[in-house]
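Report on the structure
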Amino acid sequence: MSNLSRLKWMLLPLAFCILILVIYMFAFQHGGSDIGLYRYYASCMKEGLVPYKDFAVEYPSIALLLFYLPYLVSHDLAGYNTAFAVEMMLFAMAGVWLLFGLVRQLQTRPWVALSCYALIVIAIGDIAVERFDIVPAIITLAALYAFCRGKYEVAWIVLAVGVMTKVYPAVLVPLFLIYQWQHHGWRRTLSHVAIFALALMLIAGPALWIGRGEFIHSFTVQSGRALQLESLYASLLLLLNSLGLVSAVPVGGPMSFDVSSPLAQPLAKCAFFIVGAALVAVYFMFMRRIRRNLGSPTHIEFGAGATTDILNYSIAAVAVFIATNKVFSPQFILWICPLMPLFSGRWQKVGWMVFLVVAYLTWYVYPMNYFGLADGQQVVTNALVLRNTLMILLIVLLVMSPAHESTASVGLPVLAPAED
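The structure contained in this document is the topic of the report that follows. (Residues numbered from 1 in each chain as written. Predicted model: local features only at pLDDT ≥ 70, side-chain atom pairs only at ≥ 80, totals over all residues. Heavy atoms only, no water.)

1. Some thoughts on the packing of helix H2 (residues 33–46) against helix H4 (residues 77–105)
The interhelical angle for the contact between H2 and H4, taken along N-to-C directions, is 105°, at an axis separation of 10 Å. When the interaxial angle is binned, H2 and H4 end up roughly perpendicular. Each of Ile35, Tyr38, Arg39 and Ala42 in H2 lies in contact with H4, whose residues at this interface are Leu77, Tyr80, Asn81 and Phe84. Across the contact of H2 with H4, the residue classes tally to six nonpolar, one polar and one charged. (Axes fitted to C-alpha atoms, helices over the stretch in contact; angles between N-to-C directions. Helix = DSSP H or I, 4+ residues; strand = E, 2+ residues; numbered from the N terminus. Parallel < 35°, antiparallel > 145°, perpendicular 65-115°, else oblique. Contact = heavy atoms within 4.5 Å. Nonpolar A, V, L, I, M, F, W, Y, C, P; charged D, E, K, R; others polar.)

This is the structure:
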């Protein structure tokens, strides 16, 4: 590639980074109640208090580092809000470069994927700077990037960092295991799992030593919550309530608005098993897809079909974890924002459009009309039901989009193997 062509390609992600800067700094409103909590944690650490020992924390270790860095820039609330927005913006920019590098390897059009990414960021709204969840999403994207290049050790280490930032990237572990097992056997696969476990222990070790109980509680705190108002189950109960079939009303809870109904507690208890069963179904379909196509010219390691399946099923696993959980906080949608531009296959464009609507409806419900939802307003309730229904549709599209045999005709990925 000539220097002029290389410069032309470099200008594309740079232009999208500038667009991200404008969106994050001028289009989004900075601040929020959660950022106040992040700042409180940072101020405690600045005063010499030890997390998990001297004060309770509901986040893993690496998240605390993310909260502390903006505090080094400014101690006052307004300055911290801006510094935090800049931090989230920088990670969103990193997402641009990761996507650019990956879609070039996938031999798809980078400007299409980056345009999709920018539209998703716009659709999700202020949530992108009110929460830190874009960070574990970008870390997950980085793990997939390394994995799809055959850099397995790096991928597992980065995935461990993601788990220690926010637990959900752990849903990718079985997908990585299945893919490596099918291509390399158990011995080599288990060596990489050992690297993953070692990375987890190195990160978690100090916190476990300082305050084991509180540190473990930071991973399990969500399990004790009631049926959250925005969850799939709550939206179904609200819909049935509007039809006069069951009693269900929003109520204030200790951590969020929840739903009160005779069916709420049983559904909350069943949610854990539904999440597990749904994830097992995704893993089983992925393994069956890999086994069926193993050895096919387009399904060799890092071939078109196999790589498409890795990406689609990774997005599906994260989406399943979000949609079937008893808690569906608005920031959870950020977890798949940087991944959706990588969705390939027959239903790609439909999937992109569905997710754009999902992202906008998430913003519409929270923060735009959240108190309307809590008051039981039917329009907002219908928007929530539609959002959750579209999430299920998106999952179906992800797992039912077969990799095509001809990459030339549809622009599907062909990854060049990298040395492990």
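2. Regarding the nonpolar core
In terms of nonpolar packing, the biggest core is built from 145 residues, with Tyr24, Phe67, Ile336 and Met391 touching the most fellow members. Here Ile336 is in contact with Ile315, Val318, Ala319, Ile322, Phe355, Met391 and Leu394, once residues within four sequence places are set aside. (Core = buried A, V, L, I, M, F, W, Y, C linked by side-chain atoms within 4.5 Å. Buried < 20%, exposed > 50% of the residue type's maximum accessible area, 1.4 Å probe, protein only.)

3. Some words on the side chain of Ser256
By the element assignment, Ser256 lies in the loop between strand E1 (249–252) and strand E2 (257–260). Given the relative accessible area of 15%, Ser256 is considered buried. A polar contact is formed between the side chain of Ser256 and the side chain of Arg225, at a distance of 2.7 Å. In this structure the side chain of Ser256 is engaged in a polar contact, spanning 3.1 Å, whose partner is the side chain of Asp258. Sequence-distant contacts of Ser256, that is, excluding residues within four places in its chain, are made with Arg225, Gln228 and Val251. (Polar contact = N/O pair within 3.5 Å; in protein donor to acceptor, adjacent residues only side chain to side chain.)

4. A short note on the layout of surface pockets
Of the volumes computed, that of the largest pocket is approximately 1200 Å³. Here the element with the most residues in the lining of the largest pocket is helix H11 (residues 264–293); it accounts for nine residues. (1 Å grid on protein atoms, 1.4 Å probe; cavity = no way out; pocket = protein on both sides within 12 Å on 5 of 7 lines; lining within 4 Å. Points joined across faces, edges and corners; volume = space filled by probe spheres on them.)

5. A word on the state of the cysteines
Here the structure, examined in full by the defined rule, presents zero disulfides. Note on Cys17: no disulfide assigned, nearest cysteine sulfur contributed by Cys116 at a separation of 16 Å. Here Cys17 falls in the buried class, since its relative accessible area comes to 7%. In this structure Cys337 is not part of a disulfide, and its nearest cysteine sulfur, from Cys116, lies 9.6 Å away. (Disulfide = S-S within 2.5 Å.)

6. With respect to the side chain of Ser218
Structurally, Ser218 can be placed in helix H9 (residues 173–220). For Ser218, the side chain forms a polar contact with the main-chain oxygen of Phe215, separated by 2.4 Å. The residues contacting Ser218, other than those within four sequence positions of it, are Tyr52, Val57, Glu58, Tyr59 and Pro60.

7. Digging into the packing of aromatic side chains
The description of an aromatic ring pair uses the distance of the two centres, along with the angle that the planes make with each other. Scanning the model with the defined rule gives 33 aromatic pairs in all. Here Phe332 and Trp335 contribute two aromatic rings whose centre-to-centre distance is 4.3 Å and whose plane-to-plane angle is 25°, an arrangement assigned as stacked. Its guanidinium or amino end placed over the ring of Phe328, Arg387 lies 3.8 Å from that ring's centre, counting from NZ or CZ. (Phe/Tyr/Trp six-rings, centres within 6.5 Å; stacked < 30°, edge-to-face > 60°. Lys NZ or Arg CZ within 6 Å of the ring centre and 35° of its normal.)

8. Some points on the pairing of E1
As paired strands, E1 and E2 are joined by four bridges and run antiparallel to one another. What sits directly across from Gly252, in E2, is Phe257. Once E1 ends, the chain turns through four residues before running back antiparallel as E2. (Pairing = 2+ DSSP bridges.)

9. Some thoughts on the environment of Val249
The topology assignment puts Val249 in strand E1. What makes Val249 partly exposed here is its relative accessible area of 41%. Linking Val249 and Leu384, residues 135 residues apart in sequence, is a C-alpha distance of 14 Å. Other than its neighbours up to four places away in sequence, Val249 contacts Asp258, Val259 and Ser260.

10. Focus on unusual backbone geometry
Peptide bonds are mostly trans, and most non-glycine residues show a negative phi. Residue Tyr366 is joined to Pro367 through a cis peptide bond whose omega torsion reads 10°. Mapped onto the elements of the fold, Pro367 is located in helix H13 (residues 348–368). Positive phi, close to 70°, is recorded for Tyr52, a residue that is not glycine. Owing to a relative accessible area of 5%, Tyr52 belongs among the buried residues under this scheme.

11. Observations concerning helix H7 (residues 134–148)
In this model H7 runs 21 Å from its N-terminal to its C-terminal C-alpha over 15 residues, within 8% of the 21 Å that 1.5 Å per residue would give. Here H7 lies mainly inside the structure; 13 of its 15 residues are buried. Positive phi shows up at Gly150, right after H7, with a value of about 85°. (Expected span 1.5 Å × (residues − 1).)

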